[in-house]
Amino acid sequence: MAAISEEYPPEFSDERGLALISDIVDWQINHGSLLKRIDTETQFPDDAPQCYPVGVTVFPTLFPREQFDRACGLQIIYNELYCAMAEDEHWIFETIRDMIPIDPLAAALWGIHEEVKKVGYAQKVSVGIFRSDYMLDAPGMEFPLRPGETFDGSLKQVELNTFSCSGATHANKAADMHRYLARTNAYDTGDDRQINISLDTLPRNNNIPSLSACLAAAHDAYGPKKSSVATDTAVLFVVQPNNFNIADERPLEYALWDRDPPVPAYRVDYPNDFLQYTTLTESRELLFHPPWLGSKCVEISVAYMRAGYEVHEYDTTGKEARLRIELSTAIKCPSLLAHICTFKRVQCALTSPGALEHFISPAKAALVRSTFVSMYPLDGSEAGFRARRLATDPELSRDYILKPSLEGGGHNIFGEDIPDFLASVPESKWGAYILMERIRSPSVSNVLLSSAGLDSGGVVSELGVFGTCLWWKGTEGRHCEMLLNSVGGWSFKTKHEDVNEMSVVKGYGCFDTPLLF
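Residues numbered from 1 in each chain as written. Predicted model: local features only at pLDDT ≥ 70, side-chain atom pairs only at ≥ 80, totals over all residues. Heavy atoms only, no water.

1. Considering the overall build of the protein
Part 1 of the reasoning: If you tally the helices and strands in the protein, you get 14 helices and 21 strands.
Part 2 of the reasoning: Relative to its length of 517 residues, the protein is compact, with a C-alpha radius of gyration of 23 Å against a globular reference of 24 Å.
Part 3 of the reasoning: When its C-alpha atoms are laid out on the principal axes, the protein stretches across 75 × 55 × 50 Å.
Part 4 of the reasoning: In the protein, buried positions account for 57% of the 517 residues.
Part 5 of the reasoning: A separation threshold of at least 6 residues defines the contact pool for the protein, and within that pool the share at least 24 residues apart is 76%.
Part 6 of the reasoning: Carbon and sulfur atoms form 49% of the exposed surface of the protein, whose accessible area is close to 21,800 Å². (Helix = DSSP H or I, 4+ residues; strand = E, 2+ residues; numbered from the N terminus. Rg over C-alpha atoms; globule rule 2.2 N^0.38 Å. Buried < 20%, exposed > 50% of the residue type's maximum accessible area, 1.4 Å probe, protein only. Contact = heavy atoms within 4.5 Å. Areas by Shrake-Rupley, 256 points an atom, 1.4 Å probe, with all protein chains shown as cover.)

Written as C-alpha cells, this is what we have:
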C-alpha cells in the first residue's frame, strides 16, 4: 500500500481536472457507455439528445486484492449451489410456500410452474447467468491504509441474483475506460506525487465475451433445429419495451452475431410482441416469426430473459407469455425455478443450519457461510419473532435493512424507516419481507460523474461477480450435472456513502473499477 499516496484520490488543478473529465466523456460517447433517454411523461426539446452517458467514477476506487480474488474464487461454488437448488422443487416450495398467498410475484411464478408440471417440462438443460454481490464489512476503517496497517475486515454477500443480471456490459466498459486512462497517463498529477494507478492494479473485465460465450454454449447444447418449417435456430432476447438500458443488453447480442460461425440472436418485447410473434409446435418447439423475415421463422434455442422480474409484468398477458416460454423446448436463461431462487427468502433460508450442506460439501459450505450476515424471515417462526422485535424497535432497526423479493433497486427499507414502514403494511403481509443485517463498509473517497453532475466525497462500493453455468437435470439422487461452470467477469458499483440503494441505471451510483492493493 505504500505505493498509493496517503491522499487519494489525488488533487488535480482545474485545467487537468477538466481535461480528464473531457477525456472520460469522449471515451463514453465513442464506446457506447450510454443510457437511452426514455421518458413518456416528459416533453423534451426537439434538439434534446437521445442518450446520455451512464454514471462512472473519475478514479478507480481502492479495494483489497485478496478480497477481490476471494469473491471471484467463490463464484464457482455459488454457481454449483444455485444450480443444485434450482433442481430441488420440494426445497424451493417449502422455502417460499408462506409467501405464495401474500406475494403476487411468488404466486404468479409458482402458478406458472404448476401449469407447466401438468404436461411436464420439455427441456432438461438450463443455462444461468448469475451475479453474487458483496460489500466489505470493516466498520471504522479508512482507505488508503496507513503505513504498516493491514485490512482488518471481511467480505460479506449482499445478495445473489439469478435473473436478468444487468450491468455486465456497463461494467466491462468502465473497466476498459479506467485502464485506458491509466495507460495514457491521464492520472499523473504532473508533480512528484506517486499515484500508482497502473494496469497491474486494475483487473481486466471480460463480461461481454464471457456472457455471450455462455449463451453460445447453450445454443450449441440445444443442437440442430427440430421443426421442419424453421430455417435456423437462434437465441431470443426477451426484453422490456421502451428500454433505456439497451447499451447493456445489445452488445451481448452483437457478440453472438460476431462469433465464427455466427450465433443468430434476435430480441422481442415482453409480453405483447412475444405473444404476437411466437408460436409453439405440437412437439413444443418455440418458433419466432418476426415480420421482417416474411413467411420464414426461426426455432428458438435459448430464451434469455431480460424482462419479467417485476410483478406488474405478470398480468394475464404476461403470465401467458411466460407460460409459453416455460412450456417450450427452448433452453431458458434462467429456468423458472432458478428464477425463484433469486428471492430474498431463499437467500435467507440458506443461512439456516444445515441448509448449505443439503446441496454442497461441508468444506464448500463453510466457505460460502463465511460471507453471510444475519438474516431473518418476518414469518411466524421463532426466527421471525426475533426479526419482528428487531424491525419494530426504532433503535435496534438502525442496524438492519428490510428487503422484499424484488430486483432492480429502489425497493428496500433502511434502518430507522423500517418501523414506520411496517406500521403502514398489514401484519399479514410482513412475511413477504426478510430482515438483513447492515454491512458497514470502510470509508474511502472518490469523484463521481453522472447526469447529476460532478461530485466528490465519501463513497461505498459493491463488487458483483458474474457466474456462467450450464447444467443438466440430475439423475440417480444427484441434484444436477454441471456442463459449464465458470466465472464470467465482474461489476463494481460505487455510490455516495449517504445513499442507501445501489442501482446505477436508476441514478443511485456509478460504474467503477477496483484499484487493487
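2. Some words on helix α4 (residues 104-119)
Part 1 of the reasoning: With 16 residues, α4 ought to run about 22 Å at 1.5 Å a step, and its terminal C-alpha atoms sit 24 Å apart, in line with that.
Part 2 of the reasoning: All of the buried residues along α4 are L105, A106, A108, L109, W110, I112, H113 and V116.
Part 3 of the reasoning: Contact partners of the buried residues in α4: α3 (89-96), α9 (316-327) and α10 (336-340).
Part 4 of the reasoning: Capping the start of α4, D103 holds a side-chain oxygen 3.0 Å from the backbone nitrogen of L105, two or three residues further along.
Part 5 of the reasoning: At the exit of α4 stands G120, carrying a positive phi of roughly 95°. (Expected span 1.5 Å × (residues − 1). Polar contact = N/O pair within 3.5 Å; in protein donor to acceptor, adjacent residues only side chain to side chain.)

3. Observations regarding unusual backbone geometry
Peptide bonds are trans in most cases, and residues, glycine excluded, mostly fall at negative phi.
Part 1 of the reasoning: Backbone torsion omega between D260 and P261 reads 0°, so that peptide bond is classified as cis.
Part 2 of the reasoning: Checked against the element boundaries, P261 lands in the loop between α7 (246-257) and β8 (265-269).
Part 3 of the reasoning: For the peptide bond that leads from Y270 to P271, omega is 0°, which places it in the cis range.
Part 4 of the reasoning: Along the chain, P271 falls in the loop between β8 and α8 (272-277).
Part 5 of the reasoning: A positive phi angle, close to 50°, is found at N242, a residue other than glycine.
Part 6 of the reasoning: As for its placement among the helices and strands, N242 is situated in the loop between β7 (233-239) and α7.
Part 7 of the reasoning: One non-glycine residue, R284, lies in the positive phi region at around 70°.

4. A look at the environment of R389
Part 1 of the reasoning: Inspection of the secondary structure assignment puts R389 in helix α13 (residues 382-391).
Part 2 of the reasoning: The class of R389 is partly exposed, set by a relative accessible area of 44%.
Part 3 of the reasoning: Spatially, the C-alpha atoms of R389 and D232 are 58 Å apart, while their sequence positions differ by 157 residues.

5. Remarks on the pattern of salt bridges
Part 1 of the reasoning: Per the stated rule, a full pass over the model turns up 19 salt bridges.
Part 2 of the reasoning: Put simply, R131 and D133 hold a salt bridge, and the shortest N to O gap is 2.8 Å.
Part 3 of the reasoning: When salt bridges with common partners are traced through the structure, they connect E249, R250, E253 and R267 into a single cluster. (Salt bridge = Lys/Arg side-chain N within 4 Å of Asp/Glu carboxyl O.)

6. So, the domain arrangement of the protein
Part 1 of the reasoning: Along its sequence, the protein is organised into domain 1 (15-368 + 445-516) and domain 2 (376-436).
Part 2 of the reasoning: For domain 1 and domain 2, the distance between their C-alpha centroids amounts to 26 Å.
Part 3 of the reasoning: Interface of domain 1 and domain 2: buried area, both sides summed, is about 1,800 Å²; carbon and sulfur atoms make up 52% of it.
Part 4 of the reasoning: For domain 1, the biggest contributors to the area lost against domain 2 are I102, K344 and E501; these three give 33% of the whole.
Part 5 of the reasoning: Our enumeration of links across domain 1 and domain 2 arrives at 0 salt bridges.
Part 6 of the reasoning: Where domain 1 meets domain 2, there are 3 residue pairs in polar contact (both at pLDDT 80 or more).
Part 7 of the reasoning: Going through the elements one at a time, β6 (154-161) and α11 (344-349) are the ones with two or more residues in the side of domain 1 that touches domain 2.
Part 8 of the reasoning: Residue composition of the side of domain 1 that touches domain 2, grouped by class: 8 nonpolar, 6 polar and 7 charged. (Domains from an automatic or database assignment. Buried area = accessible area lost by both parts, 1.4 Å probe. Nonpolar A, V, L, I, M, F, W, Y, C, P; charged D, E, K, R; others polar.)

7. Observations concerning the sheet that holds strand β16 (residues 433-437)
Part 1 of the reasoning: Spatial strand order, β13-β16-β14-β15: 4 strands in an open sheet with antiparallel pairing. If you trace the sheet from one side to the other, it starts and ends with β13 (375-377) and β15 (413-414), each paired once.
Part 2 of the reasoning: In the sheet, strand β14 (residues 400-404) pairs with β15 via 2 bridges, with the strands oriented antiparallel. Bridge pairing in β15 places L402 opposite I413.
Part 3 of the reasoning: The sheet strands contacting α13 are β13, β14 and β16, and the helix crosses β13 at an angle near 105°. (Pairing = 2+ DSSP bridges. Axes fitted to C-alpha atoms, helices over the stretch in contact; angles between N-to-C directions.)

8. Overview of the side chain of E249
Part 1 of the reasoning: Considering the arrangement of structural elements, one finds E249 in helix α7.
Part 2 of the reasoning: Among the polar contacts made by the side chain of E249, one reaches the side chain of N243 at a distance of 2.8 Å.
Part 3 of the reasoning: Non-local contacts of E249, meaning those with residues more than four positions away in its chain, are made with F237, V239, N243, R267 and R306.

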